[in-house]
2 protein chains.
Amino acid sequence: MSKLNSLEDLFLMEVRDIYNAEKQLTKALPKAAKKASSPDLKSAFEEHLRQTEGHMNRLEQVFGMLGENVKGRPCPAMKGILEEAEEILGEKAEASVKDAGIIGAAQKVEHYEIASYGTIIQWAEQMGRDDIKQLLGQTLEEEKQADQKLSELAKAHINVEATAGK
Amino acid sequence: MSKLNSLEDLFLMEVRDIYNAEKQLTKALPKAAKKASSPDLKSAFEEHLRQTEGHMNRLEQVFGMLGENVKGRPCPAMKGILEEAEEILGEKAEASVKDAGIIGAAQKVEHYEIASYGTIIQWAEQMGRDDIKQLLGQTLEEEKQADQKLSELAKAHINVEATAGK
C-alpha cells in the first residue's frame, strides 16, 4: 500500500479500478446477451460490448497521457454487482420476468460506471487536465445513454409482458 | 431457488436485496463519518445514517403492504461496493485526499441505490401499486439529493484542498 499524497495518486488508483471493472464487464455482457430473450435487449448488450471495448481503449489512452503503465486494480464493487447479475441470469424464471431482472441488474452496472466516471472527470477538471476530462466525458455520456436505453426497453414492452406473465 | 413466475416475484426479490443493502449501509456509515476529516462530510454521513434508517422503515412498510415477512436477501453488490469503500478508508492518505476518495466511494453507494429504487419503482407502477411507488419515490428523491450533496461538498472545497495536497 503506497500513500496517497495527492489527488493525482487517487485519480490513478480510480482509473485502475474502473479499467478492471470495464474488463470484467466485457466478460459478463456476452452472457447477458445469451440469456436475454428479447431481441432488442440482446442487441443492446451486443452494442454495449462494443462500446465497453471503446471505453477500455480510452482508459488506455489516459494511462498514456499520465505516463503510466496500463494496469487494472481489482474492483470488488463490479465483482459484487456482476455476482448479483449472475444470480438473476441463473434463476428459473418466465422469459419476460427474467428480462426485466436482467435490465435491473444491467442498470446497476451502468450506475456504478456513471458514479465512477463522474468522480474521475471531476478530479481531472480539478487537476487541470481538460484533455482527460473531455476524453472520459464521452464515455460518461455513452454510459448515461446506455442506462436510458435500458429504461426505455423496460418501459416499452418488457415490464408489460412480465406483468402479464407472458 | 423458487421460480420467478411474475413481476411480483421479481419485485419482492429486489425489495429483499435493497433491504439488506440498506442494512449493510447502516453499519458502514458510522465508520465513514469517523474516518472523514471534513466536518461537513462527517455531518453529511451522520444525516444520511438517519435517512437510511428511514429508508429501511419504508421498506418494512412495503413488506407489510405486500403481506410478506420483513426479510433481507444477501446483496453481494453492496458488499463489494462497501469492500471497496473500506479499502479507501484504510489507505494511508493525506486527509483531504482521503476525503475526496471517501466521497467517490459514497457516490457509488448512492448510485447503486438510485438504480435499485429506480427499477423497483418502475415495477411498482407496472404492477398498479401506486401506493408503493409513492412511498419509495420519497426514498429515491432522498438518495438523489444525498448524491447531489456529496458532489457539492467535493466541488466546494474538498477536491481543491486535495489538489493543493493540504
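Residues numbered from 1 in each chain as written. Chains lettered and ligands numbered in written order. Predicted model: local features only at pLDDT ≥ 70, side-chain atom pairs only at ≥ 80, totals over all residues. Heavy atoms only, no water.

**Focus on the interface of chain B and chain A**
With 49 residues of chain B in contact, the opposing surface of chain A contributes 49 residues. Here chain B and chain A share 10 salt bridges between them. At the junction of chain B with chain A, the criterion picks out 20 residue pairs in polar contact (both at pLDDT 80 or more). Contributing elements (two or more residues each) for the side of chain B that touches chain A: helix 1 (7-35), helix 3 (76-90), helix 4 (95-126) and helix 5 (130-164) of chain B. Of the residues forming the side of chain B that touches chain A, the biggest block, 15 residues, is contributed by helix 4 of chain B. Classifying every residue of the side of chain B that touches chain A by side-chain character gives 20 nonpolar, 17 polar and 12 charged. (Contact = heavy atoms within 4.5 Å. Salt bridge = Lys/Arg side-chain N within 4 Å of Asp/Glu carboxyl O. Polar contact = N/O pair within 3.5 Å; in protein donor to acceptor, adjacent residues only side chain to side chain. Helix = DSSP H or I, 4+ residues; strand = E, 2+ residues; numbered from the N terminus. Nonpolar A, V, L, I, M, F, W, Y, C, P; charged D, E, K, R; others polar.)

**As for the pattern of salt bridges**
In total, this model carries 24 salt bridges over all chains according to the counting rule given. Shared partners join several salt bridges into a network, and the residues in it are Glu14 and Asp17 of chain A together with Glu84 and Lys108 of chain B.

**Quick notes on the nonpolar core**
Core analysis: the biggest nonpolar cluster contains 106 residues, and Leu10, Phe11 and Phe45 of chain A together with Leu10, Phe11 and Phe45 of chain B have the highest contact counts within it. Residues in contact with Phe45 of chain A, not counting those within four places in the same chain, are Leu29, Ala32, Ala33, Ala36, Ile102, Ala106 and Leu150 of chain A. (Core = buried A, V, L, I, M, F, W, Y, C linked by side-chain atoms within 4.5 Å. Buried < 20%, exposed > 50% of the residue type's maximum accessible area, 1.4 Å probe, protein only.)

**Remarks on the relation of the copies chain B and chain A**
The transformation that overlays chain B on chain A combines an axial shift of 0.0 Å with a rotation of 180°, and the residual RMSD is 0.0 Å. Taken together, the rotation angle and the small translation identify this as a two-fold axis. Residues of chain B ranked by C-alpha distance from the rotation axis are headed by Gly80 of chain B, positioned 2.4 Å from it. Both copies share a contact surface, since 100% of the interface residues of chain B are interface residues in chain A too. (Least-squares fit on C-alpha atoms with pLDDT ≥ 70 in both.)

**Observations regarding the packing of helix 3 (residues 76-90) of chain A against helix 3 of chain B**
At a minimum axis separation of 7 Å, helix 3 of chain A and helix 3 of chain B run at an interaxial angle of 175°. With respect to helix 3 of chain B, the element helix 3 of chain A is oriented roughly antiparallel. Contacts between helix 3 of chain A and helix 3 of chain B pair Pro76, Ala77, Gly80, Ile81, Glu83, Glu84 and Glu87 of chain A from the former with Pro76, Ala77, Gly80, Ile81, Glu83, Glu84 and Glu87 of chain B from the latter. Along the lines of polarity and charge, the residues of the contact of helix 3 of chain A with helix 3 of chain B split into 6 nonpolar, 2 polar and 6 charged. (Axes fitted to C-alpha atoms, helices over the stretch in contact; angles between N-to-C directions. Parallel < 35°, antiparallel > 145°, perpendicular 65-115°, else oblique.)

**Digging into the environment of Met65 of chain B**
Residue and element names in this part refer to chain B. Structurally, Met65 can be placed in helix 2 (residues 39-65). For the pair Met65 and Asp131, spaced 66 residues apart in the sequence, the C-alpha separation amounts to 8.9 Å. Excluding anything up to four places from it in sequence, Met65 contacts Arg129, Asp131, Ile132 and Leu135.

**As for the confidence of the model for chain A**
Counting all residues, the mean pLDDT for chain A is 94, and 97% of those residues have values of 70 or more. Interface confidence for the predicted complex, given as ipTM, is 0.93, next to a pTM of 0.94. (pLDDT = per-residue confidence, 0-100.)

**With respect to the side chain of Glu91 of chain A**
Relative to the assigned elements, Glu91 of chain A resides in the loop between helix 3 and helix 4 (95-126). A relative accessible area of 9% places Glu91 of chain A in the buried class. A polar contact of 3.2 Å, which involves the side chain of Glu91 of chain A, links it to the side chain of Arg73 of chain B.

**Quick look at the packing of aromatic side chains**
All names here are of chain A. Within the structure shown, the criterion is met by 2 aromatic pairs over all chains. Both rings, one in Tyr19 and one in Phe63, keep their centres 5.5 Å apart while their planes meet at 90°; by these two values the pair is edge-to-face. You can see Tyr19 sitting in helix 1 (residues 7-35) and its partner Phe63 sitting in helix 2 (residues 39-66), a full 44 residues away along the chain. Just as Tyr19 is buried, Phe63 falls in that class too. (Phe/Tyr/Trp six-rings, centres within 6.5 Å; stacked < 30°, edge-to-face > 60°.)

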